[in-house]
Amino acid sequence: NFCTKELPTTCGSKMLKNFISPFNATVVDLLQDAGAIMIGKTNMDEFGMGSANMYSAFGPVYNPIDQERRVAGGSSGGSAAAVASGMCFASLGSDTGGSIRLPASYCGVIGFKPSYGQCSRWGLVAYASSLDTVGIITRNVLDTQLIYDIISKYDEKDPSSLPPKLRSINASLASFNKTNSTNLSELRVGIPQEYYVSELSDPIKSLWKQGISLLRSHGATIVSVSCPSTKYALPAYYILAPAEASSNLARYDGVRYGYRSDMDSNKNDELIYAHTRNEGFGEEVKRRILLGTYTLTAGCYDNYFLCAQKIRKMVQSDFDSVFRRPNPLHLIKNELSLYNRNDDEILEISDQLRKKNNGVDVIMTPVAISTSPKAKDSHSSSFLSNSSSCTSTDDTRNLDGDNSFVNAYVNDIFTTPANLA
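Here the structure is a predicted model, which means the values were calculated and not measured.

Draft legend 1. Summary view of unusual backbone geometry. Of the consecutive residues Gly74 and Ser75, the connecting peptide bond is found in the cis state with omega at 10°. Structurally, Ser75 is set in the loop between helix H1 (26-33) and helix H2 (77-84). Its identity as a non-glycine residue notwithstanding, Cys11 has a phi of 55°, on the positive side. The buried category is assigned to Cys11, whose relative accessible area is 2%. In the Ramachandran plot, Asn53 falls in the positive-phi region, its phi being about 55° despite a non-glycine side chain.

Draft legend 2. Region of interest: the side chain of Glu46. Considering the arrangement of structural elements, one finds Glu46 in the loop between H1 and H2. Among buried charged residues, Glu46 stands out as having no salt bridge; its nearest opposite-charge side chain is Lys286, 8.5 Å away. A polar contact is formed between the side chain of Glu46 and the side chain of Ser13, at a distance of 2.6 Å.

Draft legend 3. Highlighting the sheet that holds strand S3 (residues 133-138). Read from one edge to the other, the open sheet built from 3 strands follows the order S1-S3-S2, with strand pairing classed as antiparallel. Strand pairing shows two members of the sheet lacking a second neighbour, strand S1 (90-95) and strand S2 (110-112), which therefore form its edges. Averaged over all pairs of adjacent strands, the angle between strand axes in this sheet comes to 25°, irrespective of strand direction. Of the pairings in the sheet, the one linking S2 to S3 comprises 3 bridges and is antiparallel in character. Bridge pairing links Ile110 to Thr138 in S3. Packed onto the sheet, H2 meets S1 and S3 and runs at close to 160° relative to S1. Helix-sheet contacts for helix H4 (residues 141-151) involve S1, S2 and S3, and the interaxial angle to S3 is about 145°.

Draft legend 4. How the structure looks around the packing of aromatic side chains. Evaluation of the coordinates by the stated rule reveals 14 aromatic pairs. For the pair Phe47 and Phe281, a centre-to-centre distance of 5.9 Å together with 70° between the ring planes defines the contact as edge-to-face. Here Phe47, found in the loop between H1 and H2, pairs with Phe281, found in the loop between helix H9 (274-280) and helix H10 (283-295); they are 234 residues apart in sequence, far enough to count as distant. Relative accessible area serves as the criterion here: at 5%, Phe281 is assigned to the buried category. Where Tyr237 meets Tyr238, the ring centres are 4.9 Å apart and the plane angle is 90°; that geometry is what we call edge-to-face. Under the relative-accessibility criterion, Tyr238 is labelled buried at 8%. Put simply, the rings of Phe19, Phe47, Tyr252, Tyr257 and Phe281 pair up and form one aromatic cluster.

About the cut-offs
- Residues numbered from 1 in each chain as written.
- Predicted model: local features only at pLDDT ≥ 70, side-chain atom pairs only at ≥ 80, totals over all residues.
- Heavy atoms only, no water.
- Helix = DSSP H or I, 4+ residues; strand = E, 2+ residues; numbered from the N terminus.
- Buried < 20%, exposed > 50% of the residue type's maximum accessible area, 1.4 Å probe, protein only.
- Lys, Arg positive; Asp, Glu negative; His and termini not counted.
- Salt bridge = Lys/Arg side-chain N within 4 Å of Asp/Glu carboxyl O.
- Polar contact = N/O pair within 3.5 Å; in protein donor to acceptor, adjacent residues only side chain to side chain.
- Pairing = 2+ DSSP bridges.
- Axes fitted to C-alpha atoms, helices over the stretch in contact; angles between N-to-C directions.
- Contact = heavy atoms within 4.5 Å.
- Phe/Tyr/Trp six-rings, centres within 6.5 Å; stacked < 30°, edge-to-face > 60°.

In structure tokens, the structure reads:
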């Protein structure tokens, strides 16, 4: 779903099956200017809508590290599978609600979602514009940093790109500085209690505890923190994202570019593009368009969309309250405005604020509720119980198969809060 002049940009959809962009995405140009070689495009859930990479017009993506045909995760499953199988050094993907981190977790590679605005979205085909971010998948952290340093640049073509001054302020803020690879005595690690959900499988619980023990053994201070709005993040996301998608995907009508149905071309009636959209979009995309359109109607806007926006603000406030490092967006809006201060002054002010704050430097949470499920289970009610006991009640395990697509949405429960914030 990154525009490229040399290869088709299909977004995993029949709607854009043969579409070739007249320009490159900014991040593509930045990488090529730095000497990177683009070897191809990867599969994905259609328009980024999915968490298993089973919703693609070109077929599913399977996890390359397992022979049991397990899912690679979505929506950027093709990117994660390509890196995990050694086909490439690094790959790009988009992350709207976990689409980089979940596939990386399933495939055993590094998935990094930068903060919104750090990497240009110019040329990234939009799903939900206020949530979409450019993400990176590699096999280790140093490779991720290498790619990030290349593509994390201001872009005047992207109105959501962080301006140079704000980037400078953010880089100057005081934060944890690791001087010894084995001594983390000054690091405070937060464990959000709300992330210990009933759907969390035993293997993931065990892995989470191992990670906590490892950090503690190196001197880190483990702190229990609370993000009370987390339980509302997932439903808020599945109101806001489809609402934005219903608007962004309205442009695909087959009139100017993309797929066009023969029925729309031959019939002389008022349904200019109804058949085109029905044939061109997959079931999951149509489902989310309908959901988003419904929440934006006059009778539902206040009860759903506006409430979800308020929850989004609550999620942001939760994160601001647990971190020691001050939010740079807040520091430029209040009386401590940093726009007219030099780097040393910014460092001194932020260091004073950080020392007064009893918050944490990082928070540590799982990415997925379970290990990668088998592909045959990903569209059934067993998607929630592929590991020992993912759910706490028999009612959840026996959900009707017709609701399986709703069951799969719970896989984004740990990843959506970061996008909303």
